[in-house]
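# Report on the structure
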Amino acid sequence: MPFTEEDQAAREYLLHEMHSIGLETRVDEASSVCGVRPGNTDKSHAVVMGSHYDTVINGGAYDGILGVVCGLEVLRVLHENQVQLSKPVELIAFNDEEGVRFNRGFTGSKAIIGHVTDEDIWKTRDRQGISLGQAMQQAGFDPTLIGKVQREPEQISAYVELHIEQGPVLEAEQLDIGVVTTIAGTWRTFVEIIGRPDHAGTTPMHMRKDPLVAAAQLIAKLPGFAHLVDPQGVATVGIVNVEPNVANVVPAKVTFSLDIRSQFGGAARQVTARVIEEARSICGDQLECNIRMAMEEEPVHTDHHIQQVIEDAAKENGYAFKRMFSGAGHDAQIMALLCPVGMIFVPSRSGRSHSHLEYTTPEAIAKGAQVLLDAILTLAK
Ligand SMILES: [Zn+2]
C-alpha cells in the first residue's frame, strides 16, 4: 500500500539491490525507485524497464514486482558481464499503480509523463480522509515538487514492461511468452435504477416497481452484449448496491458498476451505449434510470518495432509465444503517451491474480527474464 512503513521498506530494499549491481539510484518525488546504468556513448535515449512495486490487499507475490525483479536480474547480468551498450539502461519501480489506497492508480507513471495534477494530489483521499499529498508528506516526499519528475520524450527511447498475464490464456495454450500488442480500452459506468420501496408481503407482484428485477434482467444479458463488436470483449458487473438491502422490503434503489473492455478502438464505447439503451428500455416509464460515466479509456497499442524485438528474442530462444492483448491496465499504457512501449507476459497458473493463489513457475520466469534481457540488448546496443 503506497506511503506506508512496508512501502518504505520496499524502497530501501530496491535501493540496496540497485546499489549492489552498480546502478546510479534515486527515488523521485512520486516515490518511484530509479536505477540507471549509463550508456557508453549516448547520455539520453534511455531504454527503460519498468513495473510497479505496490500491490492489492490480499494480493499475490508476482503482480507488479515480478517486472521489477526481472529488471534487476537483467541489470545484474549486464553488470557482471561488463556488457558495453551505447544507450543507458534504466529500471523504474513505480508506486501506486493499483490505486488501492486512493482509488486512482498509476501515480508513479503518470508523474513521469507529467499527468499528476494538484487536484489529484489534494482532492483524492484514502478511507481515513488522508489526501495523496498528505500521505506523500508523511512518507517524506514533497508533493509540490512532483512536476520535477516529468521526463521529456527524447530522454526515453523505449519502455519495456514484463508482467504476469493475470489471465489463463498462455497456460491453456502451453505458451511461454505473450507479446502484448494492445492494452484493452475500458469504459466504466455506474447505473442507478430507482423504483419504489414497498412491503415484501403485501405488495402484489404486478403492482411493484422493483429496480433489482430490472437490474437482474439487464445483467443476465451482458454475456451477449460483451461480444457485440469484439469476440474477445468482456463485460463485468463487479459492484451491486441494493437499498435499503432488507429482506422484507422491495428494493428502492439499485446501483451497479458496468466495466466493459475491448482491444478494438470504439468497441467498449459502442457496447456501453447498447447496454445503456437496453437499461432504459427495461426501465421504461416505471423506473428511473440514471447513468454516470466513471472511466472512458480507449485501447493503447504497443510499438511495432518493440513487439518484433520481443518476438525475435522469444524465437531465438526456442520459446513458444503468441501475440495477444492485455485485458488489464498497466503502467505501459501511461508510458505509451511519452515513448514507444512493449510488454512481455509470462503465464499465470490457472490465470489467478489479485489473489494469494497467484503463481508463476521459476522456469517460466527465467524464460521471461531471458526475453527481457535479449530485448534490452537489442534496443540499447
Ligand atoms: Zn500489475
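These numbers come from a predicted model, not from an experiment.

## Points about the UniProt feature "domain: Peptidase M20 dimerisation" (unreviewed entry) in the protein chain
- On the UniProt side, "domain: Peptidase M20 dimerisation" (unreviewed entry) is annotated at positions that read residues 191–281 here.
- Helix makes up 34% of residues 191–281 and strand 27%. Its end C-alpha atoms lie 13 Å apart.

## Concerning the coordination of the zinc ion
- The zinc ion binds to the protein through His52 (NE2), Asp63 (OD) and His163 (NE2), with metal-donor distances spanning 2.0 to 2.2 Å.
- Sequence positions of the donors to the zinc ion reduce to the motif H-x10-D-x99-H. Here the residue histidine 52 occupies a position in strand β3 (residues 46–52), and aspartate 63 occupies one in the loop between β3 and α2 (65–80), the gap between them amounting to 11 residues.

## Brief notes about the pairing of strand β12 (residues 253–262)
- Of all 10 residues in β12, eight are buried; the element is thus mostly enclosed.
- Bridge count between strand β7 (residues 185–194) and β12: 10 bridges; the pairing is antiparallel. Directly across from tryptophan 187, in β12, lies its bridge partner isoleucine 260.
- Pairing analysis gives three bridges linking strand β9 (residues 234–236) to β12, with the strands arranged antiparallel. The partner of alanine 235 across the bridge, within β12, is isoleucine 260.
- Here four bridges tie strand β10 (residues 240–243) to β12, and the two strands are oriented antiparallel to one another. Pairing of valine 240 across the sheet is with phenylalanine 256, part of β12.

## A closer look at the packing of aromatic side chains
- Tallying each qualifying case throughout the model produces three aromatic pairs.
- Judged by centre distance (5.9 Å) and plane angle (70°), the ring pair of phenylalanine 3 and phenylalanine 141 falls under edge-to-face. Residue phenylalanine 3 is located in the segment before α1 (5–20), and its partner phenylalanine 141 is located in the loop between α5 (132–138) and β5 (156–164); the two are separated by 138 residues in the primary sequence. Residues phenylalanine 3 and phenylalanine 141 agree in their burial class; the two are buried.

## Here's the deal with the domain arrangement of the protein chain
- You can read the domains of the protein chain as domain 1 (5–183 + 300–380) and domain 2 (185–297).
- Once you take the C-alpha centre of each, domain 1 and domain 2 turn out to be 35 Å apart.
- Between domain 1 and domain 2, the residue contacts involve eight residues of the former and five residues of the latter.
- Summed over both sides, the interface between domain 1 and domain 2 buries roughly 450 Å², with carbon and sulfur atoms accounting for 45% of that surface.
- Counting across the domain 1 and domain 2 interface gives zero salt bridges.
- The interface formed by domain 1 and domain 2 contains two residue pairs in polar contact (both at pLDDT 80 or more).
- For the side of domain 1 that touches domain 2, a count of residues per class yields three nonpolar, five polar and no charged.

## Some thoughts on the environment of serine 262
- Examined against the element boundaries, serine 262 turns out to sit in strand β12.
- Taking the C-alpha atoms as reference points, serine 262 and glycine 327, 65 residues apart in sequence, are found 7.5 Å from one another.
- Not counting the four nearest positions on each side in its chain, serine 262 is found in contact with Ala184, Gly185, Asp230, Ala267, Ala268 and Pro299.
- At 3.0 Å, the side chain of serine 262 and the backbone nitrogen of phenylalanine 264 are in polar contact.

How each quantity is defined
- Residues numbered from 1 in each chain as written.
- Predicted model: local features only at pLDDT ≥ 70, side-chain atom pairs only at ≥ 80, totals over all residues.
- Heavy atoms only, no water.
- UniProt positions renumbered as here; feature names shortened; annotations may be inferred.
- Helix = DSSP H or I, 4+ residues; strand = E, 2+ residues; numbered from the N terminus.
- Donors = N, O, S within 2.8 Å, 3.2 Å for Na, K, Ca; no water.
- Buried < 20%, exposed > 50% of the residue type's maximum accessible area, 1.4 Å probe, protein only.
- Pairing = 2+ DSSP bridges.
- Phe/Tyr/Trp six-rings, centres within 6.5 Å; stacked < 30°, edge-to-face > 60°.
- Domains from an automatic or database assignment.
- Contact = heavy atoms within 4.5 Å.
- Buried area = accessible area lost by both parts, 1.4 Å probe.
- Salt bridge = Lys/Arg side-chain N within 4 Å of Asp/Glu carboxyl O.
- Polar contact = N/O pair within 3.5 Å; in protein donor to acceptor, adjacent residues only side chain to side chain.
- Nonpolar A, V, L, I, M, F, W, Y, C, P; charged D, E, K, R; others polar.

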